[in-house]
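If you want the building blocks of each chain, they are given just below.
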Amino acid sequence: MSDRTGIFAGDDPFVIARRWLAEAEDSEINDPNAIALSTVDTDGLPNVRMVLLKEIEDDAFVFYTNYGSTKAQEIETAGKAAFVMHWKSLRRQLRVRGTVTREDGPQADDYYASRSLKSRLGAWASHQSQPLASRATLMAEVAKITATHGPSPKRPPFWGGYRISPVEIEFWADGAFRLHDRFVWRRVTPRDGWYITRLSP
Ligand SMILES: Cc1cc2nc3c(=O)[nH]c(=O)nc-3n(C[C@H](O)[C@H](O)[C@H](O)COP(=O)(O)O)c2cc1C
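Since we're looking at a predicted model, the values are computed, not measured.

Peer 1: Hey, could you go over the site of the ligand for me, with residue numbers and the actual values?
Peer 2: As a matter of local geometry, the ligand sits amid 16 residues, with Thr65, Ser69, Thr70, Lys71 and Ser129 nearest to it. Mapped onto the shell around the ligand, the elements with two or more residues apiece are β2 (46-56), β3 (61-66) and α2 (70-78). The element contributing the most residues to the shell around the ligand is β2, with five residues.

What follows is the structure, encoded as structure tokens:
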């Protein structure tokens, strides 16, 4: 019989992830949806940076970024990524590894349109991850974009979402005396069924 109860209850890892994030929204002081997104470059050297998780779908996780950025180049070359979320107030961790595809259709348009005008213009103005001469150069670019794109800019073709389809999702919760609880959902490909395993802390 499974001893997976309480905060780990249920067989659908996306439902559990949504439940944990909802709890973190109540308890974290800011950015409960921040993820440390990990990629690798062509030498196999890992890279990591924070981004905001915008959607937990029925079978995937979605975030948004610039398609010309370093992370985007690394994602497109490897086709894979991983992320971790740590909720300090809850003392919980969520880890995800999977394959990645672009979300650059109507869903990305809708999310872009939901952002503040300044953020929408900022997405146009920033050549993310490229060298920048000065802050003044960036602000001049923002002013130029504001003048040319007006009050309802379209989503830039170089900006959109990535959808991570997991092959591994691990839920971790702090336990007394470092005897933490860990449960991992694994599948060979995103089309397969899950195997759920308790792991030693
Ligand atoms: C809390 C937090 C949230 C962030 N959210 C995003 C985001 O959603 N998308 C994004 O492109 N960059 C985001 N950033 C900036 C990235 O960490 C990073 O600086 C940028 O995306 C460039 O990364 P790259 O050069 O590895 O592509 C965020 C940074 C922090 C600290």
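Peer 1: Pulling in residues and values, what's your account of the pairing of strand β4 (residues 80-87)?
Peer 2: Here is the key point about a regular strand: its side chains alternate between the two faces of the sheet. Bridging between strand β1 (residues 34-40) and β4 involves three bridges; their strand directions are antiparallel. When the bridges of β4 are listed, Leu37 appears paired with Phe83. Across eight bridges, β4 lies against strand β5 (residues 92-103) in antiparallel orientation. Across the sheet, the residue bridging to Phe83 is Val96, located in β5. From the end of β4 to the start of β5, which pair antiparallel, there are four residues, and Arg91 there has a positive phi angle of about 55°.

Peer 1: So, unusual backbone geometry: which residues are in play, and what are the values?
Peer 2: Peptide bonds are, in most cases, trans, and in most cases residues other than glycine have a negative phi. A positive phi angle, close to 55°, is found at Phe177, a residue other than glycine. With respect to the helices and strands, Phe177 occurs in the loop between β6 (159-173) and β7 (181-186). In this structure, Arg178 is a non-glycine residue whose phi angle is positive, near 65°. With respect to the helices and strands, the residue Arg178 is situated in the loop between β6 and β7. A residue is classified by how many C-beta atoms lie within 10 Å of it, and Arg178, with 7 of them, is exposed.

Peer 1: An account of the nonpolar core is requested, with residue identities and associated values reported.
Peer 2: Core analysis: the largest hydrophobic core is formed by 26 residues, its most contacted members being Ala81, Phe83, Val96 and Ile164. For this core, the secondary structure elements donating two or more residues are α1 (13-27), β1, β2, β3, α2, β4, β5 and β6. Ignoring anything within four residues of it in the chain, the contact list for Phe83 reads Ile35, Ala36, Leu37, Ser38 and Val96.

Peer 1: Let's hear about helix α5 (residues 135-149): which residues, and what values?
Peer 2: Between the first and last C-alpha of α5 there are 21 Å, a value that for 15 residues agrees with the 21 Å anticipated at 1.5 Å per step. Within two residues after α5, Gly150 carries a phi angle of roughly 70°, on the positive side.

Peer 1: Residue-level account of the environment of Glu168, with values.
Peer 2: Along the polypeptide, Glu168 turns up in strand β6. The sequence separation of Glu168 and Ala82 amounts to 86 residues, and the corresponding C-alpha distance is 9.2 Å.

Peer 1: Describe the environment of Trp124, with residues and values.
Peer 2: By the element assignment, Trp124 lies in helix α4 (residues 117-125). Through-space distance from the C-alpha of Trp124 to that of Pro32 is 26 Å; in sequence the pair is 92 residues apart.

Peer 1: Requested: an account of the packing of α4 against α5, with residues and values cited.
Peer 2: Contact geometry of α4 with α5 gives a least axis separation of 9 Å together with a crossing angle of 110°. By the angle between their directions, the pair α4 and α5 is classed as roughly perpendicular. Considering how the two elements wind past one another, α4 and α5 form a crossing that is right-handed. Of the residues in α5, those touching α4 at Leu121, Gly122, Trp124 and Ala125 are Leu138, Glu141, Val142, Ile145, Thr146 and His149. Classifying every residue of the contact of α4 with α5 gives six nonpolar, three polar and one charged.

The rules behind each value
- Residues numbered from 1 in each chain as written.
- Predicted model: local features only at pLDDT ≥ 70, side-chain atom pairs only at ≥ 80, totals over all residues.
- Near = placed C-beta within 6 Å.
- Helix = DSSP H or I, 4+ residues; strand = E, 2+ residues; numbered from the N terminus.
- Pairing = 2+ DSSP bridges.
- Buried ≥ 20, exposed ≤ 12 C-beta atoms within 10 Å, placed from the backbone.
- Core = buried A, V, L, I, M, F, W, Y, C linked by C-beta atoms within 7 Å.
- Contact = placed C-beta atoms within 7 Å.
- Expected span 1.5 Å × (residues − 1).
- Axes fitted to C-alpha atoms, helices over the stretch in contact; angles between N-to-C directions.
- Parallel < 35°, antiparallel > 145°, perpendicular 65-115°, else oblique.
- Left-handed = near helix turned anticlockwise from the far one by under 90°.
- Nonpolar A, V, L, I, M, F, W, Y, C, P; charged D, E, K, R; others polar.

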